[in-house]
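Spelled out, the chains give:
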Protein chains: 2
Amino acid sequence: MDVLEQMRLFMEPESIALVGVSRSTDHPFGLLRNLLAYGFSGDIYPVNPSADQILGVRTYPAIKDLPDDIDLTVIMTPRDTTLALVEESVEKGLKAIIIVAQGFGDADEKGKSLQSRIIDTAKRGGARIIGPNTFGVTNAFQSMSTALPMLEMERSPIGIISQTGIPFLGTSRFKFGKIIDIGDTCDIDVADALCYFEEDPEITVVALQIEGIQDGRRFAHVVGRVVKKKPVLVLKGGRSEAGARAALSHTGSIAGADEVYDATFKQRGLIRVNDLEELEDMGLAFSRLPPMKKRGVGVMSWAGSTGVLTVDACDAYGLEVPLLSDAAIDRIRELSPPAWLPIENPVDLWACAGLVKFDAESLKFGFRTIMEALLNQESIGAVLVIIPDFHTLFQSEDWDISEIVHEVAEDYKEQPIVFSILGAWGKTTERLEEKRNMVVFRSHERAVRALSRLWEYAAISNPDSRL
Amino acid sequence: MDVLEQMRLFMEPESIALVGVSRSTDHPFGLLRNLLAYGFSGDIYPVNPSADQILGVRTYPAIKDLPDDIDLTVIMTPRDTTLALVEESVEKGLKAIIIVAQGFGDADEKGKSLQSRIIDTAKRGGARIIGPNTFGVTNAFQSMSTALPMLEMERSPIGIISQTGIPFLGTSRFKFGKIIDIGDTCDIDVADALCYFEEDPEITVVALQIEGIQDGRRFAHVVGRVVKKKPVLVLKGGRSEAGARAALSHTGSIAGADEVYDATFKQRGLIRVNDLEELEDMGLAFSRLPPMKKRGVGVMSWAGSTGVLTVDACDAYGLEVPLLSDAAIDRIRELSPPAWLPIENPVDLWACAGLVKFDAESLKFGFRTIMEALLNQESIGAVLVIIPDFHTLFQSEDWDISEIVHEVAEDYKEQPIVFSILGAWGKTTERLEEKRNMVVFRSHERAVRALSRLWEYAAISNPDSRL
């Protein structure tokens, strides 16, 4: 079986065997209950020697009693029973096995020895294993997850390969549409999982949360191919020496010198992120926004001060805030700000966009005029708008600019439009986010950081696209 | 009048004259309406030549018709009328004047000339000016603000001195209890405002959002005094050359070489922040948490991976994740995790705290035991806990750890306790935040950054306090 067929057994199963389902169904973690609640449409085969049915689903006393050709097997029992169950699974001809328990390669000698016997058994039978020490997989597009806690499902185009259960919790802004938690990686590894996402039409952004990679050559080869098609984000723990030691103790994987990883990531065109928040930001940016093809950012700012901070941030992240053409300045000048007001990029919205007149219609007209003037500039590849939530500030519907912004975004599909909202988020923010053709960030600095990665990636995905 | 008395006229007025109040009271910005809505208990004297009353408040045709000894005067008219109104105010003997309009020192020659005449006039009459180009001041403890938009008031112990209106919008987590927006700073400057906060018992954390400082010597002298009593956070725009140019164009203040500022900030013990989010984090940390007196962080992590990332972050921010004593390890071992599980700092909660048993009571007991074991370590100055929101994850009240955490925080008042919540925030997060004796951060990285600043500041505020 080639790797893609193999991965599809894990990720798109039509039938799942659950080995180690408890009869008590009221504790917070219950895989059978979860799958029923998600509305998973495939067949579920719980294995339990002392029940006929659980939650109305027929159970089987042992693996050998299961029907043939079940796609995916999840073994949830404690470590000491695992080897025997893997042997039974292999005898039964099962080909895709998830091992949830921990205590193998990352633990004592006994665990290590169990793990190597599990690997041998699987190899002999032509079976592949995800884990041990894993929550398994999630495929929201199929309402399927093998994670023990009940998850909120979201069919987002962001897929993740991880060595930890953290991605199952989602981020504060989105859930991952597909998750492959390779855990302690005794068999299926990052490269195998990447091969699946490479060909997956539902996933447009691939994230990695990893601590170490065993087969560096194969990884580099595969990931180098994937980044040509889809952006690959990577959050790698064990950056510091102390962190690498901590990684060793919990997954048994040697994190290795961070410089080696960093060089590989750079050379292959991965987008490295430093923490979970940056992973969240980049997931949003790359899944919603077009490539940034010019280095210049047009900035519309509620206040001069946030304009200045944004210029600082652009400088730090290698972007530019170019001067405007005379034509653009004239166009903005026609909005009739005071004659003495200097008009430049960043454009100060307070003075330019009808705010001085306290007139909502002028504000909306000004908003559109300035956005378009910026987006039409030769040198500008993206627009960043920094404003308070107008619904919250003015306590009125009149100042709702979201419709205008959506119209402009529709007209200028090839340039990223991003927002940063000052103070508390409210209805304006919610409406801006509704269409998912832009991203609202929690700070101007995070917005600029995201744009800079879009700019860098444009050179990787399509070297000729940058202007 | 000394600077403190002078600043109290601005910040704690018993009477306010509003010059330039419109009769139309339905547009979104209305200072008179706002003050009434806030419930400001002082006297309000609107000046309007063509009305007898506005919103039921008696108006006065001109400044000369006002009663004597009004504490604070706010002039809200366009720039061309301002000089004459300042002259009238000075003649009337008014001593504290806020000028809202822009178009003076930061604008054309006419604006510059107007500004210098305004300064001369004020000096002659012994009046002081905040502004121009300012929203003025806010004092939530007196339900008072001169900002044009209606604000949400919060009596937070965080005060800010700014050259921009941004702080009036608040942050996404708190509002500033007092705001002094010195705007283009033709008279009252950062040092004057600092003198006020220095003596203010309601404010325990002082923030600055500035672009340039005119009298560097006096600033350095005053701020050096203040940081001994209260932490001073500073967000300074114009870090890059391009940013400095942008700053010049909108406030007329020369941002100056950033290195000079940076050196002064360091030498005087200010805590520099890079963006509004960091300002928010540090405001929370310094207003709620005790000093961090030892460099070591005890980490409790839901997953090994977030433990590793936290060790990396501690390393990057100059903190340590020390090894545990045998006694602490034994204490945690008694919680009966599997024998093969290595127990160290970071402590893996999944395995240690009753989660493997899926038992809420064991989790709570384990949570308390581990927190206390860490807080009792010789080398540990603070504890960071990284967990999902348990209410959200388990969809049950049973797993509510907030009460236990509050009890521990009460018992260990001298060590900062911080949290980072993975995924979406829910009821657990809300309850943890309720008592304000800890801070929940949006990422482990931001939590570590905050701890590192608490550690640095401990050496500044009280050099003997660090152990």
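Structure: above.
The structure presented is a predicted model; accordingly, all values stated were derived computationally and were not measured.

Draft legend 1. Molecular detail of the overall build of chain A. Helix and strand counts for chain A stand at 17 helices and 19 strands. With respect to the principal axes defined by its C-alpha atoms, chain A has extents near 85 × 50 × 35 Å. Here chain A, with 467 residues, has 66% of them falling under the buried criterion. Of note, chain A has its 49 positive side-chain charges centred 3 Å away from the centre of its 68 negative side-chain charges.

Draft legend 2. Spotlight on the relation of the copies chain A and chain B. Note on the identical chains: chain A maps onto chain B by a rotation of 180° and an axial translation of 0.0 Å, with an RMSD of 0.0 Å. Expressed as a symmetry operation, the mapping of one chain copy onto the other fits a two-fold axis. If distances are taken from each C-alpha of chain A to the rotation axis, the shortest is found for arginine 442 of chain A, at 5.6 Å. Taken as a fraction of all interface residues of chain A, those also at the interface in chain B reach 100%, which identifies the copy contact as same-surface.

Draft legend 3. Structural view of the sheet that holds strand S16 (residues 347-348) of chain A. Residues and elements named next belong to chain A. Spatial strand order, S16-S15-S17-S18-S19: 5 strands in an open sheet with parallel pairing. The open sheet is flanked by S16 and strand S19 (439-441), the only strands paired with a single partner. When strand S18 (residues 417-422) meets S19, the two strands line up parallel, connected through 3 bridges. The residue of S19 that forms the bridge with phenylalanine 419 is valine 440. Most of the contacts of helix H16 (residues 427-434) go to S19, to which it runs at about 145°, and overall it touches S18 and S19.

Draft legend 4. Region of interest: the sheet that holds strand S10 (residues 158-162) of chain A. Residues and elements named next belong to chain A. Read across the open sheet, the 7 strands follow the order S9-S8-S11-S10-S12-S13-S14; overall the sheet is mixed. Unpaired on one side and paired on the other, strand S9 (144-145) and strand S14 (271-273) mark the two borders of the sheet. Two elements, strand S13 (residues 232-236) and S14, share 3 bridges in a ladder whose sense is parallel. Following the sheet pairing, leucine 235 is matched in S14 by valine 273.

Draft legend 5. Up close: the environment of glutamate 259 of chain B. Residue and element names in this part refer to chain B. Relative to the helices and strands, glutamate 259 is located in helix H8 (residues 258-268). By relative accessible area, glutamate 259 is classed as exposed at 59%. Along the backbone, glutamate 259 and leucine 233 are 26 residues apart, and their C-alpha atoms lie at a distance of 17 Å.

Draft legend 6. Quick look at the pairing of strand S13 (residues 232-236) of chain B. Where burial is concerned, most of S13 of chain B is hidden: 5 out of the 5 residues are buried. Alternating positions in S13 of chain B separate into two faces, Val232, Val234 and Lys236 of chain B on one and Leu233 and Leu235 of chain B on the other, with burial throughout.

Draft legend 7. Layout of the side chain of arginine 449 of chain A. Secondary-structure assignment places arginine 449 of chain A in helix H17 (residues 444-461). The contacts of arginine 449 of chain A, once residues within four sequence positions are left out, are Glu278, Asp281, Met282 and Tyr317 of chain A.

Draft legend 8. Structural context of the interface of chain A and chain B. Between chain A and chain B, the contact holds 65 residues from the first and 65 residues from the second. Carbon and sulfur atoms make up 70% of the area that chain A and chain B hide from each other, which totals about 5,300 Å². At the boundary of chain A and chain B, one finds 2 salt bridges. Arginine 446 of chain B serves as the salt-bridge partner of glutamate 277 of chain A, at 2.6 Å between the closest nitrogen and oxygen.

Draft legend 9. Summary view of the packing of helix H1 (residues 3-11) of chain B against helix H5 (residues 190-198) of chain B. Residues and elements named next belong to chain B. For the pair H1 and H5, the least separation of the axes is 9 Å and the interaxial angle reads 85°. Considering their axes alone, H1 and H5 lie roughly perpendicular with respect to each other. Only Asp192, Ala193, Cys195 and Tyr196 of H5 make contact with H1, whose side of the interface consists of Val3, Leu4, Met7, Arg8 and Met11. Tallied by class, the residues present in the contact of H1 with H5 amount to 7 nonpolar, no polar and 2 charged.

Draft legend 10. Examining the packing of aromatic side chains more closely. All names here are of chain A. By the definition in use, this model includes 20 aromatic pairs over all chains. For the ring pair phenylalanine 390 and phenylalanine 394, a centre distance of 5.4 Å and an interplane angle of 45° mean the geometry is tilted. Taken together, the residues phenylalanine 390 and phenylalanine 394, both in helix H14 (residues 390-394) and 4 residues apart, mark about one turn of the helix. Relative accessible area serves as the criterion here: at 1%, phenylalanine 390 is assigned to the buried category.

Draft legend 11. Seen up close, helix H3 (residues 79-92) of chain A. All names here are of chain A. Between its first and last C-alpha atoms H3 spans 20 Å; for 14 residues at 1.5 Å apiece the expected length is 20 Å, and the two agree. Within H3 the residues assigned to the buried category are Arg79, Thr82, Leu83, Leu85, Val86, Ser89, Val90 and Lys92. For H3, the elements touching its buried residues are strand S1 (15-19), strand S5 (72-75), strand S6 (96-99) and helix H4 (109-125). Phi turns positive one or two residues past the end of H3, at glycine 93, with a value near 90°.

Draft legend 12. Expanded view of the packing of H3 of chain A against H4 of chain A. All names here are of chain A. Interhelical geometry of H3 versus H4 gives an angle of 5° and a closest axis separation of 9 Å. By the criterion of interaxial angle, the relationship of H3 to H4 is roughly parallel. Here H3 contributes Arg79, Asp80, Thr82, Leu83, Val86, Glu87 and Val90 to the contact with H4, which in turn contributes Lys110, Gly111, Leu114, Arg117, Ile118, Thr121, Ala122 and Gly125. Split by residue class, the contact of H3 with H4 holds 6 nonpolar, 4 polar and 5 charged.

Draft legend 13. A look at the pairing of strand S11 (residues 178-181) of chain A. Residues and elements named next belong to chain A. The side-chain alternation of S11 yields two buried faces, one formed by Lys178 and Ile180 and the other by Ile179 and Asp181. As paired elements, S10 and S11 share 4 bridges and run parallel to each other. Counterpart to isoleucine 161 in the pairing with S11 is isoleucine 180.

Cut-offs applied
Residues numbered from 1 in each chain as written. Chains lettered and ligands numbered in written order. Predicted model: local features only at pLDDT ≥ 70, side-chain atom pairs only at ≥ 80, totals over all residues. Heavy atoms only, no water. Helix = DSSP H or I, 4+ residues; strand = E, 2+ residues; numbered from the N terminus. Buried < 20%, exposed > 50% of the residue type's maximum accessible area, 1.4 Å probe, protein only. Lys, Arg positive; Asp, Glu negative; His and termini not counted. Charge placed at Lys NZ, Arg CZ, Asp CG, Glu CD. Least-squares fit on C-alpha atoms with pLDDT ≥ 70 in both. Contact = heavy atoms within 4.5 Å. Pairing = 2+ DSSP bridges. Axes fitted to C-alpha atoms, helices over the stretch in contact; angles between N-to-C directions. Buried area = accessible area lost by both parts, 1.4 Å probe. Salt bridge = Lys/Arg side-chain N within 4 Å of Asp/Glu carboxyl O. Parallel < 35°, antiparallel > 145°, perpendicular 65-115°, else oblique. Nonpolar A, V, L, I, M, F, W, Y, C, P; charged D, E, K, R; others polar. Phe/Tyr/Trp six-rings, centres within 6.5 Å; stacked < 30°, edge-to-face > 60°. Expected span 1.5 Å × (residues − 1).

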